[in-house]
Amino acid sequence: MSFLTYLINGLSLGSIYAIIALGYTMVYGIAKMLNFAHGDFIMVGCYIIFSVSAALSGNSVVGIIVAIILCTLLGVTTEFVAYRPLRGAASPLAVLITAIGVSYLLENIALLIYGADIKSFTSVINWEGVSFAGGQLKIQGVTIVTILVSVVILIVLQLFINKTKQGQAMLAASEDKAAAALMGIDVNKTIALTFAIGSALAAVAGALLCSAYPSLSPYTGAMPGIKAFVAAVLGGIGSIPGAMIGGLVLGIVEILSKTYISSQLSDAIVFGILVIVLLVKPTGILGKKVQEKV
Amino acid sequence: MSKTQKSNFITYGIVIAAYIILEVLMLTGNLSSHLKGLLVPMTYYAVIAVALNLCVGILGELSIGHCGFMCLGAFSSAFFSRATEQIIPTVPRFLMAFIIGIAVAALFGFLIGIPVLRLKGDYLAIVTLAFGEIIKNVINSFYIGIDSKGLHFTMKSAMDLNMEKDGDIIINGAMGITGTPHNANFTIGIVVLLISLFIVQNLVNSRDGRAIMAIRDNYIAAEATGINVTGYKMMAFTISAAIAGAAGVLFSHNITTLTASSQYFGYNASIMILVYVVLGGIGNIRGSVIAACILYMLPEMLRGLNTYRMLIYSIVLIIMMIVNWSPKVIAWRKKTFGGLNLISILTGKKKGVA
Amino acid sequence: MKKTGKIFSVVMASALAVSMLAGCGASQQGGSDTFKIGAIGPLTGGAAAYGNAVVNGAQIAVDEINEAGGINGYKIEYKTEDDELNAEKSVNAYNTLKDWGMQLLVGSTTSACSIAVSENTKNDNMFQLTPSGSAEECVKYDNVFRVCFSDPNQGIASAQYINDHNLATKVGIIYDNSDVYSSGIYQKFVEESEGKNYEVVSAEAYTQDNNTDFSVQLQKAKDAGADLVFLPIYYSDASLILTQANTMGYAPTFFGVDGMDGILTVENFDTSLAEGLMLLTPFAADATDELTVNFVKKYNEKYGETPNQFAADAYDAVYIIKAAIEKAGVTPASSVSEICDAVKGAMVQIEASGLTSSKMTWSASGEPNKEPKAVVIQNGVYVSAE
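Going along each chain's sequence as written, the residues are numbered from 1 onward. Written order determines the labels here, with chains lettered from A and ligands numbered from 1. A pLDDT threshold of at least 70 governs which residues receive local features in this predicted model, and a stricter bar of 80 or more applies before side-chain atom pairs are shown or counted, although totals over entire chains, interfaces and linings include all residues.

Here a helix means four or more residues in a row that DSSP labels H or I, a strand means two or more in a row labelled E, and each is numbered from the N terminus. Of the regular secondary structure elements, chain B holds 15 helices and 5 strands. Oriented by its inertia axes, the alpha-carbon framework of chain B measures out at about 75 × 55 × 40 Å. Split into buried and exposed, the 354 residues of chain B put 55% on the buried side. Any two residues are considered in contact once their C-beta atoms, placed from the backbone, lie within 7 Å. By sequence separation, contacts in chain B at least 24 residues apart represent 75% of the contacts at least 6 residues apart. The exposure label follows from counting other C-beta atoms within 10 Å of a residue's C-beta, where the C-beta atoms are placed from the backbone and the thresholds are 20 or more for buried and 12 or fewer for exposed, leaving partly exposed in between.

Turning our eyes to something else, we now look at the overall build of chain C. Helix and strand content of chain C: 11 helices and 14 strands. Radius of gyration means the value over C-alpha atoms here, while the globule rule gives 2.2 Å times the residue count to the 0.38 power. A compact globule built from 386 residues would reach a C-alpha radius of gyration of about 21 Å, and chain C, at 23 Å, matches this within 12%. Burial statistics for chain C: of 386 residues in total, 61% are counted as buried.

So, about unusual backbone geometry. Backbone torsion omega between C:Gly107 and C:Ser108 reads -5 degrees, so that peptide bond is classified as cis. Structurally, C:Ser108 can be placed in the loop between strand E3 (104-106) and helix H4 (111-124). A positive phi angle, near 55 degrees, is found at A:Lys32, a position not held by glycine. Residue placement: A:Lys32 occurs in the loop between helix H1 (2-31) and helix H2 (38-55). Despite not being glycine, C:Asn125 shows a phi value in the positive range, around 50 degrees. Mapped onto the elements, C:Asn125 comes out in the loop between H4 and strand E4 (127-130).

Before going further, it helps to examine the domain arrangement of chain B. Where interface size is given, it is often the accessible area lost as the parts come together that is meant. In terms of domains, chain B is made up of domain 1 (3-140 + 176-286) and domain 2 (302-354). A C-alpha centroid distance of 25 Å is found between domain 1 of chain B and domain 2 of chain B. Domain start and end points were adopted from an automatic or database domain assignment.

To continue, consider the sheet that holds strand E6 (residues 170-176) of chain C. All names here are of chain C. Taking strand neighbours across the sheet as the criterion, the 7 strands line up as E7-E6-E8-E9-E10-E13-E14 in an open arrangement whose pairing is mixed. Each edge of the open sheet carries a strand with a single partner, namely strand E7 (199-206) and strand E14 (381-384). Across the sheet, the mean angle from the axis of one strand to that of its neighbour is 25 degrees, orientation sign disregarded. The pairing of strand E8 (residues 228-231) with strand E9 (residues 253-256) spans 4 bridges and is parallel. By the bridge assignment for E9, Val229 is matched with Phe254. For helices, the fitted axis covers only the stretch in contact; all axes are lines through C-alpha atoms, and the angles between them, taken along N-to-C directions, range from 0 to 180 degrees. Strands in contact with helix H5 (residues 151-164) are E6, E8, E9, strand E10 (278-281) and strand E13 (373-378); relative to E10, the strand with the most contacts, it is inclined by about 135 degrees. By definition, two strands form a pair when at least two bridges between them are found by DSSP.

Okay, the interface of chain C and chain B next. With 46 residues of chain C in contact, the opposing surface of chain B contributes 45 residues. Counting residues per element, the ones that place at least two in the side of chain C that touches chain B are helix H1 (2-22), strand E2 (75-82), helix H3 (87-100), H4 and helix H6 (180-193) of chain C. Element by element, the count of residues in the side of chain C that touches chain B is highest for H1(C), at 9 residues. Of the residues in the side of chain C that touches chain B, the class split is 18 nonpolar, 16 polar and 12 charged. Only Asp, Glu, Lys and Arg are considered charged in this grouping, and only Ala, Val, Leu, Ile, Met, Phe, Trp, Tyr, Cys and Pro are considered nonpolar; every other residue, Gly among them, is considered polar.

Let us now look at the interface of chain A and chain C. Each side of the interface is counted separately: chain A has 27 residues, and chain C has 30 residues. Residue assignment for the side of chain A that touches chain C shows that the elements contributing at least two residues are H1, helix H4 (93-114), strand E1 (119-120), helix H9 (222-235), helix H10 (240-260) and helix H11 (266-280) of chain A. Taken together, the residues that form the side of chain A that touches chain C break down as 11 nonpolar, 12 polar and 4 charged.

Ranked by internal contacts, the top residues of the largest apolar core, which has 352 residues, are B:Val47, B:Ala49 and C:Ala58. With 18 residues, helix H2 (residues 33-58) of chain B is the single largest residue contributor to this core. The contact partners of B:Val47, leaving out residues within four places of it in the chain, are B:Val192, B:Leu193, B:Ser196, B:Ile243, B:Ala246, B:Ala247 and B:Leu250. By definition, a nonpolar core groups buried Ala, Val, Leu, Ile, Met, Phe, Trp, Tyr and Cys residues that are joined through C-beta atoms within 7 Å.

The next point concerns the domain arrangement of chain C. All names here are of chain C. Split by domain assignment, chain C resolves into domain 1 (34-149 + 289-371) and domain 2 (152-281). Computed from C-alpha coordinates alone, the two centres of domain 1 and domain 2 are separated by 29 Å. Tallying the contact residues gives 13 residues for domain 1 and 13 residues for domain 2. Its residues placed into classes, the side of domain 1 that touches domain 2 shows 5 nonpolar, 6 polar and 2 charged.

Residues and elements named next belong to chain C. Within the open sheet, the 5 strands sit side by side as E2-E1-E3-E4-E5. Their pairing is parallel. This sheet does not close on itself; its edge strands, each paired only once, are E2 and strand E5 (144-146). Within this sheet the neighbouring strands show an average axis-to-axis angle of 25 degrees, counted without direction. In this structure, E4 lies alongside E5, joined through 3 bridges in parallel fashion.

This part takes up the pairing of E7(C). Residue and element names in this part refer to chain C. Sheet topology places E6 next to E7; 7 bridges connect them, and they run parallel. Its bridge partner lying in E7, Ile174 is registered against Glu204. Note on handedness: a clockwise path from strand one over the helix to strand two, with the strands aimed away from the viewer, defines a right-handed crossover. Between the parallel elements E6 and E7, the chain passes through H6 in a crossover that is right-handed.

Residue and element names in this part refer to chain B. Helix H9 (residues 229-252) packs onto helix H7 (residues 207-217) with a crossing angle of 110 degrees between their chain directions and a minimal axis gap of 10 Å. Considered as vectors, H7 and H9 are oriented roughly perpendicular to each other. For the pair formed by H7 and H9, the contact residues are Asp208, Ala211, Ile212 and Ile215 on the first element and Val229, Tyr232, Lys233, Met235 and Ala236 on the second. For the contact of H7 with H9, the class distribution of residues is 7 nonpolar, no polar and 2 charged. With respect to orientation, any angle under 35 degrees is reported as roughly parallel, any angle over 145 as roughly antiparallel, any angle of 65 to 115 as roughly perpendicular, and every other angle as oblique.

Below, the discussion takes up the environment of B:Ile330. Mapping B:Ile330 onto the fold places it in helix H14 (residues 327-337). A residue is classified by how many C-beta atoms lie within 10 Å of it, and B:Ile330, with 19 of them, is partly exposed.

A few words now on H3(C). Each full turn of the α-helix corresponds to 3.6 residues, which orients residues three or four apart in the same direction. Expected span, for any helix, means 1.5 Å times one less than how many residues it has. The first and last C-alpha atoms of H3(C) sit 20 Å apart over 14 residues, in line with the 20 Å expected at 1.5 Å per residue. Judged by how many residues are buried, H3(C) sits mostly within the fold: 12 of 14 residues are covered. Tucked into the core, H3(C) has its buried residues touching H2, strand E5 (257-258) and helix H12 (285-301) of chain B together with strand E1 (34-41), E2 and H4 of chain C.

With that out of the way, let us pick up the environment of B:Leu311. Within the secondary structure, B:Leu311 sits in helix H13 (residues 309-325). Each C-alpha atom, one on B:Leu311 and one on B:Pro299, is 9.9 Å from the other, the two residues being 12 residues apart in sequence. Sequence-distant contacts of B:Leu311, that is, excluding residues within four places in its chain, are made with A:Leu105, A:Asn108, A:Ile109 and A:Leu112.

Let's shift gears to the confidence of the model for chain C. All names here are of chain C. Predictor confidence is given residue by residue as pLDDT, running from a minimum of 0 to a maximum of 100. Here chain C averages 87 in pLDDT, while 92% of its residues score no lower than 70. With pLDDT under 50 throughout, residues 1-15 is counted as low confidence; its partners more than four residues away or in other chains account for 11 contacts. Our summary of model confidence lists the complex with pTM equal to 0.89 and ipTM equal to 0.89.

The subject of this paragraph is the packing of H1(A) against helix H7 (residues 215-223) of chain C. H7(C) packs onto H1(A) with a crossing angle of 160 degrees between their chain directions and a minimal axis gap of 10 Å. What the angle tells us is that H1(A) and H7(C) run roughly antiparallel. Classified by chirality, the crossing of H7(C) by H1(A) is right-handed. Contact residues: H1(A) offers A:Ser2, A:Thr5, A:Tyr6 and A:Asn9, while H7(C) offers C:Ser215, C:Val216, C:Gln219 and C:Asp223. Of the residues contributing to the contact of H1(A) with H7(C), the split by class is 2 nonpolar, 5 polar and 1 charged. By convention the crossing between two helices is left-handed if the near helix lies anticlockwise of the far one by an angle smaller than a right angle, and right-handed if it lies clockwise.

Taking 1.5 Å of rise per residue, the 18 residues of helix H3 (residues 66-83) of chain B would be expected to cover 26 Å, and the 26 Å separating its terminal C-alpha atoms lies within 8% of that figure. Of all 18 residues making up H3(B), 17 are buried, and the element is well covered by its neighbours.

What follows deals with the environment of B:Glu133. Relative to the elements of secondary structure, B:Glu133 occurs in helix H5 (residues 121-139). Note on B:Glu133: 27 C-beta atoms within 10 Å, which makes it buried. Along the sequence, B:Glu133 and B:Ala260 sit 127 residues apart, while their C-alpha atoms lie 10.0 Å from each other. Setting aside residues no more than four positions away along its own chain, B:Glu133 makes contact with A:Asp267, A:Phe271 and B:Tyr267.

Encoded structure:
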């Protein structure tokens with residue numbers, strides 16, 4: 001019974017990693033860049049929901065909609081101002097470093113506006129969840145909603161990418177930007193669209209992250225961002241179902257290792273498992289093996 | 001003298017010239033305490049930037065866990081210095097601390113390199129990040145003490161050491177090591193920097209170095225010409241880890257409290273070093289040294305701006321990246337200024353990448 | 001072109017180096033009619049809440065003293081520097097303040113930074129009073145004193161309090177394994193728990209990289225049957241623990257130490273979750289004595305927040321320095337070292353009263369002598385637990 005409880009806890013944590021990882025992997029898969037600022041987009045989304053809800057005396061639905069719109073704008077603007085000029089730079093590291101700069105920038109702006117002290121976030125989900133076995137096993141509402149939302153996002157993204165013209169353009173751009181441009185695809189527009197979707201997902205992820213763990217500070221997004229990145233790599237970065245699986249696996253592994261091995265060393269164990277998985281399957285659980293051409 | 005030799009000597013020259021200028025300023029009392037305090041950190045950040053550039057620029061493998069090696073060097077040497085503080089006189093002790101710190105970092109560089117270097121690209125990067133975090137987390141759970149019965153070790157808690165009353169807990173979990181002798185100074189830092197530069201620059205211009213760069217540029221072709229790909233990769237990675245370990249020794253003997261916390265050894269710190277390397281020019285060793293010094297100084301010089309300091313720093317970082325790396329900006333700059341720009345002037349580099 | 005480029009490069013590099021140095025020529029010793037007090041703490045980064053509380057709390061004390069005519073008629077000049085919770089940056093901050101002409105230091109805010117800085121204050125023989133550096137080693141040197149309780153002190157006091165008041169039979173602990181403060185109290189608490197009338201049944205750690213999900217730590221305490229959970233951690237993490245305990249339907253007594261103070265002031269926090277929480281703290285923001293009421297009002301007006309224990313410690317620190325200077329009778333014209341020697345001597349003689357205790361004395365070791373107060377949260381406010 002206690003094992004099941006821990007498993008459910010792992011699922012709750014994993015579902016949060018999964019929904020963040022979806023946005024991460026989306027941007028990485030298409031734009032081929034590690035957007036280190038993704039975690040901070042989440043933080044921005046949380047603060048927007050927090051402020052709007054406070055201003056409208058607790059109306060979180062409007063807050064989420066505003067957050068999605070503003071995060072999308074933020075994502076597109078960031079892409080245009082900071083990332084686009086570096087497309088085609090001599091090293092792919094240039095844009096990575098810029099993303100880190102953007103991450104610092106967002107954190108420090110939040111610090112100046114909201115201060116460093118944590119804020120308690122009111123959950124956007126007012127559902128207790130379901131209980132089994134006479135209340136001994138409980139799955140929280142936010143966990144169920146997060147998993148459902150992740151699955152919906154997963155399906156919609158898959159359909160969008162595989163069935164629409166825009167989605168096909170994204171795939172083409174991710175394979176080969178120059179060739180895609182020759183085929184008449186507006187690569188800049190396509191990547192901007194990717195960022196728009198990725199950032200909108202960050203706002204949704206933020207709402208769910210802060211509903212599950214209701215503590216909000218300028219650094220809220222940083223560590224979940226990195227963990228979600230790890231999850232995305234674990235699942236095979238660029239693969240959308242992979243991100244979902246990676247997130248869930250990471251959450252469950254983290255909770256179980258804390259439970260049965262050591263809570264002191266849980267970070268080491270989680271990262272250790274990542275290393276082992278990558279050694280056995282160097283491109284992650286669902287990653288495609290790319291044959292290198294001479 | 002060949003062109004590369006000349007370039008190498010310019011690098012040493014700049015370091016030595018900077019050293020002499022700063023020493024003169026210090027002796028004549030023209031250097032503020034603030035700046036004096038920055039000198040040693042600047043040298044060890046320059047050293048680890050050189051180490052990382054060997055890994056990222058010359059070997060071509062992105063590592064975002066290099067501060068983990070620095071952490072290993074720092075802890076092993078500080079442990080040694082603390083344990084033998086009463087027994088061995090300062091000079092041989094500090095020398096041995098260097099050897100131990102470097103050896104431990106190199107050993108782990110080698111061991112970690114075996115699995116890591118089988119991976120590629122971003123997967124390799126994330127695994128180095130993972131190892132950096134593992135090192136930090138494990139050291140945070142170390143408890144080592146010495147008493148009359150000898151060494152005690154546990155990974156549970158200080159109580160489980162079962163020490164005698166007179167025992168001395170040297171590594172105390174999250175509290176780390178306190179009271180490491182303050183042995184590092186600017187001169188030693190500069191000497192370590194010069195030795196690191198000497199090793200890396202000579203490696204780059206040697207047969208081995210050319211083999212390493214051949215692997216970076218096209219490993220299939222390199223393998224086809226009979227280069228031992230794994231061997232050379234391991235060599236470069238281990239040397240890089242060893243130099244990072246030397247930076248760690250300087251670090252732990254400069255401030256007396258050493259804790260394995262994210263501020264110093266986490267992925268964020270490793271990324272900071274990566275910023276130095278990228279801004280200084282990937283593969284450009286001299287650039288790394290200069291960028292490390294300038295970027296370490298920048299937030300310190302902005303102290304007057306108080307809370308806006310880190311905000312300005314991040315904006316400057318973004319702008320510097322765009323100015324230095326954007327293909328359009330580079331083209332425009334070439335048209336307007338005929339190819340001269342600040343970083344390439346500073347580093348004596350003519351092209352975008354080495 | 002090539003050659004000129006190269007010469008140019010060397011010239012530019014040295015020009016840049018010199019220009020960077022030129023901006024920071026040494027400017028020792030300012031005017032000799034004010035006391036220059038500096039404060040250091042993390043003003044940016046994850047621990048910024050604590051550092052800001054310290055510099056703000058001290059600022060209020062400085063303003064009050066200056067309004068009332070200063071120390072022995074000399075005004076205070078006050079300057080703060082950021083250390084980002086980084087010992088190396090803390091030393092840099094200290095050096096910056098030294099260049100400004102600082103004579104007495106209130107800082108650093110956190111233990112590791114404070115220890116690193118104390119190495120320098122020792123060398124310079126500058127008086128250092130840390131408001132909140134609680135690790136044992138912080139006051140290793142004779143020029144360093146502290147306002148708060150030491151970590152061992154708090155661990156021992158907590159164990160004794162739980163024992164004396166028969167609060168529990170089985171105790172669970174959740175502590176931060178990556179934090180000096182938390183692991184320090186944890187260690188002493190477990191040591192002291194031996195032979196007490198309760199049993200420590202679970203001790204689970206977390207780290208600052210892993211401080212969102214506490215379900216495992218709580219579940220383990222619950223499974224072990226702990227009826228009291230000891231939380232030697234800061235309120236920011238504790239607020240999450242309380243929320244998660246509530247969702248899983250686990251309601252033991254939670255017992256915190258001084259880092260827990262501030263939990264009621266977390267914006268938007270559901271204070272009903274903290275109902276019944278006990279903590280040993282020297283300061284309670286809703287105490288009704290005039291001093292506290294006045295301080296909380298001023299702090300709220302100036303910074304829009306309710307002050308926590310860090311702010312109170314720093315506020316007291318400035319007043320303690322004032323009392324010590326008055327006792328020692330030094331003037332700003334004295335050198336840093338003379339001030340230090342005189343103030344150091346005066347510290348063991350004064351008896352200060354402030355926000356964090358009505359009666360504080362110091363031993364030459366730098367440890368304060370004051371009684372921890374136990375409070376319990378009832379109906380969203382602190383009530384004395386006695």
